[in-house]
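Secondary and tertiary structure notes
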Amino acid sequence: MATRIAQRRERMYVDGEWLETEDALAVSDLAEGGTFAQVAAAGPAEARTALEAAHEIKPTMRQTTVVERAAWCEAIAAGLREREEELAEVIVREAGKPISSARGEVAQAAERFDRAAEEARNVVSKGEYREGSTAGHEGWQAIVKHEPIGAVLCITPYNYPLATTALQVAPALAAGNSVLLKPATKTPVSASILADVIASVDGIPDGAFNFIPGQASDIGDVLAGDDRVNAIAMTGSSGAGKHVARESGMVNLHMELGGNAPAVVFDDADLTDVAGNCAKGSFKYAGQRCSAISRVLAHEPVHDELVELIDDQMDAWQAGDLFDEKTGFGPLISEEQADWVAELVDDAVEKGATLVRGGKRRAPEGVPDDLGDQFFEPTLLANVPHDARIVDEEQFGPVAAITTFEDEDEALEIANGSDLALDAAVFTNDHGRAMRMAERIDAGAVRINGAPSHGLGDIPFGGNEDSGIGREGLDASIHAMMREKSIIL
């Protein structure tokens, strides 16, 4: 266990200045209990000041070169690496993430800034030259170039408070936009450190980056509904995304929202490998990931064997001291989230599912009293009926829910039965069947013989239906945060 020092106090950063406010966000310590930080909370007035700053700096940002912006991103990456241990500890405490995962998140965030610099160079260097090819346009010549879209509002989630923030902020800055960063209210401290790193980089104009933590109920609509915002990058729940979309008007929406990833397992798959992937996909970070395997669709002949194999894997996924390298996961982000997971598990059991393991709110020894109700045991449900809510709804908890199907058509019917269509997985040794399923499953990404994973952002990812608008990824995000201009000669 790391030793916690004096409580942190973080400020907001607007138009090149650090600002304090009377109101503050109290950030819970999910490793030791209590509160470990207070973060200045913006109100409508501070939000409008940030909007004006981001708007006024647009012409200046448009004049910056990709060489300058790439240098900024590389300097930010270096700054994050210099503060790796501090950032990792903060992520452990504010997000309840094991230290090994927290360190990986810091490394991933830094790498995303480096890669954004590379991708921005590639995009800007690949303008187009075209000639008129229709009657009446002979001799026309055109240059099609990329330019910044303007001001980008970044709305980030609690589960990857630094890595996902980097995936939004890095492309936005690299593309030449001004940025308004609104972090999740439960995990704003790592974003504050990122703001400090950005503020220390030479050459970034005042107003180009603004860090405005605050309650969504106070400043969310002020930010999302302002005409000075040109694009919104958001990662969050489907409900929150729909609200932002209703408020936003004529802006470029770039949203990665809720997920309920099915893992479809056929009887010819390597079940030992499947069990390992499903356990990791369901229990990593206590299932609080949009790409988590939320339901396992098992071919009827292998259901019982797969349940036993997943059960065997579960001893490796236990809660414990978050600063212990061997800990699998910690508490859920809040009591309310634990309530939600319990509600879904109870509903499944009431409808006939078999509770194989877990199903209770149980904290490991030594957990402070104020965190006890946020722990939920790794849980395995078998024979889950198709009408159980957990089959269709996003759970964000450490639950592997196993249901069955008879054939490909039924598997597709179950997999596509949810309004959430972000990720999916198919396990089979039949190449033709793998490709048929991948093409017919309604999801933004389908992984063959592996748990869903987004990596650094090399491959575009995002969802269909209620799971989002557009695709994220370093190259994809930079394109989404730029616009094309045709100069016709």
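What you are looking at is a predicted structure, and each value in this text was computed from that prediction instead of being measured. (Residues numbered from 1 in each chain as written. Predicted model: local features only at pLDDT ≥ 70, side-chain atom pairs only at ≥ 80, totals over all residues. Heavy atoms only, no water.)

1. Things to note about the UniProt feature "active site" (unreviewed entry) in the protein chain
- In this numbering, the UniProt entry assigns the feature "active site" (unreviewed entry) to Glu256.
- Mapped onto the elements of the fold, glutamate 256 is located in strand β12 (residues 252-256).
- Beyond its immediate stretch of four places on either side in the chain, glutamate 256 contacts Met234, Thr235, Gly236, Cys290, Leu422, Phe461, Gly462, Ser467 and Glu472. (UniProt positions renumbered as here; feature names shortened; annotations may be inferred. Helix = DSSP H or I, 4+ residues; strand = E, 2+ residues; numbered from the N terminus. Contact = heavy atoms within 4.5 Å.)

2. Concerning the sheet that holds strand β14 (residues 293-299)
- Strand order in the open sheet formed by seven strands is β15-β16-β17-β14-β13-β19-β20, and the pairing between neighbours is mixed. The open sheet has two free edges, formed respectively by β15 (354-357) and β20 (445-448), since each of these has just one partner strand. Going from strand to strand, the sheet's axes swing by 20 degrees on average, the running direction of each strand aside.
- Sheet topology places β14 next to strand β17 (residues 399-405); four bridges connect them, and they run parallel. For alanine 298, the partnering residue across the bridge sits in β17 and is threonine 404.
- Across the sheet, helix α12 (residues 335-350) lies against β15, β16 (379-382) and β17, angled at about 25 degrees from β16, the strand it touches most. (Pairing = 2+ DSSP bridges. Axes fitted to C-alpha atoms, helices over the stretch in contact; angles between N-to-C directions.)

3. Details of helix α6 (residues 163-174)
- When the terminal C-alpha atoms of α6 are compared, their 16 Å separation across 12 residues agrees well with the 16 Å that a helix rising 1.5 Å per residue should span.
- In terms of burial, α6 is largely enclosed, as 12 of its 12 residues are buried.
- When we look at burial in α6, the residues that qualify are Ala163, Thr164, Thr165, Ala166, Leu167, Gln168, Val169, Ala170, Pro171, Ala172, Leu173 and Ala174.
- Residue glycine 176 follows α6 closely and has a positive phi angle near 95 degrees. (Expected span 1.5 Å × (residues − 1). Buried < 20%, exposed > 50% of the residue type's maximum accessible area, 1.4 Å probe, protein only.)

4. Some details on the sheet that holds strand β5 (residues 35-40)
- Judged by pairing direction, the sheet is mixed, and its three strands sit side by side in the order β1-β5-β4 without closing on themselves. Lying at the two open borders of the sheet, with one neighbouring strand each, are β1 (8-10) and β4 (24-28). Each adjacent strand pair in this sheet contributes to an overall mean axis angle of 20 degrees, direction not counted.
- Summarising the sheet, β4 and β5 pair through five bridges and their orientation is antiparallel.

5. Some words on unusual backbone geometry
- Positive phi, close to 55 degrees, is recorded for alanine 286, a residue that is not glycine.
- Residues other than glycine seldom take positive phi values, yet phenylalanine 396 does so here, at roughly 55 degrees.
- Residue position: phenylalanine 396 is located in the loop between β16 and β17.

6. Focus: the nonpolar core
- Core analysis: the largest hydrophobic core is formed by 76 residues, its most contacted members being Ile76, Leu80, Phe113, Val169, Ile198 and Phe209.
- At 10 residues, helix α5 (residues 99-124) tops the list of elements feeding residues into this core.
- With near-sequence residues (within four places) excluded, phenylalanine 113 lies in contact with Cys73, Ile76, Ala77, Leu80, Ala166, Val169, Ala170 and Leu194.
- Of all hydrophobic cores here, the second largest spans 57 residues; its members include Cys278, Ala388, Ala415 and Ala424. (Core = buried A, V, L, I, M, F, W, Y, C linked by side-chain atoms within 4.5 Å.)

7. Here's the deal with the UniProt feature "domain: Aldehyde dehydrogenase" (unreviewed entry) in the protein chain
- This chain's UniProt record puts "domain: Aldehyde dehydrogenase" (unreviewed entry) on residues 20-487.
- Span residues 20-487 is 39% helix and 20% strand, its end C-alpha atoms 45 Å apart.

8. Description of the domain arrangement of the protein chain
- Splitting the protein chain by domain gives domain 1 (8-257 + 467-488) and domain 2 (261-457).
- Each of domain 1 and domain 2 has a C-alpha centre, and the two are 31 Å apart.
- Contacts between the two partners involve 34 residues from domain 1, matched on the other side by 30 residues from domain 2.
- For the pair domain 1 and domain 2, the two sides together bury roughly 2,500 Å², of which 59% comes from carbon and sulfur.
- Per-residue buried area on domain 1 facing domain 2 is highest for Leu30, Tyr158 and Ser467; these three make up 23% of the total on that side.
- For the interface between domain 1 and domain 2, the tally reads one salt bridge.
- For glutamate 325, the salt bridge is made with arginine 103, and the minimal N-O distance between the two is 2.5 Å.
- Counting across the interface, domain 1 meets domain 2 through 12 residue pairs in polar contact (both at pLDDT 80 or more).
- For the side of domain 1 that touches domain 2, the secondary-structure elements that each account for two or more residues are α4 (84-95) and α5.
- In terms of residue count, α5 provides more of the side of domain 1 that touches domain 2 than any other element does, seven residues in total.
- Of the residues in the side of domain 1 that touches domain 2, the class split is 11 nonpolar, 10 polar and 13 charged. (Domains from an automatic or database assignment. Buried area = accessible area lost by both parts, 1.4 Å probe. Salt bridge = Lys/Arg side-chain N within 4 Å of Asp/Glu carboxyl O. Polar contact = N/O pair within 3.5 Å; in protein donor to acceptor, adjacent residues only side chain to side chain. Nonpolar A, V, L, I, M, F, W, Y, C, P; charged D, E, K, R; others polar.)

9. A look at the environment of glutamate 408
- Along the chain, glutamate 408 falls in helix α13 (residues 408-415).
- Accessibility expressed as a relative area gives 18% for glutamate 408, which makes it buried.
- Between the alpha carbons of glutamate 408 and arginine 433 there is a distance of 8.6 Å; along the sequence they are 25 residues apart.
- When residues no more than four places from it in sequence are discounted, the contact partners of glutamate 408 are Phe266, Arg433, Arg436 and Met437.
- Within polar-contact distance, the side chain of glutamate 408 engages the side chain of arginine 436 at 2.6 Å.

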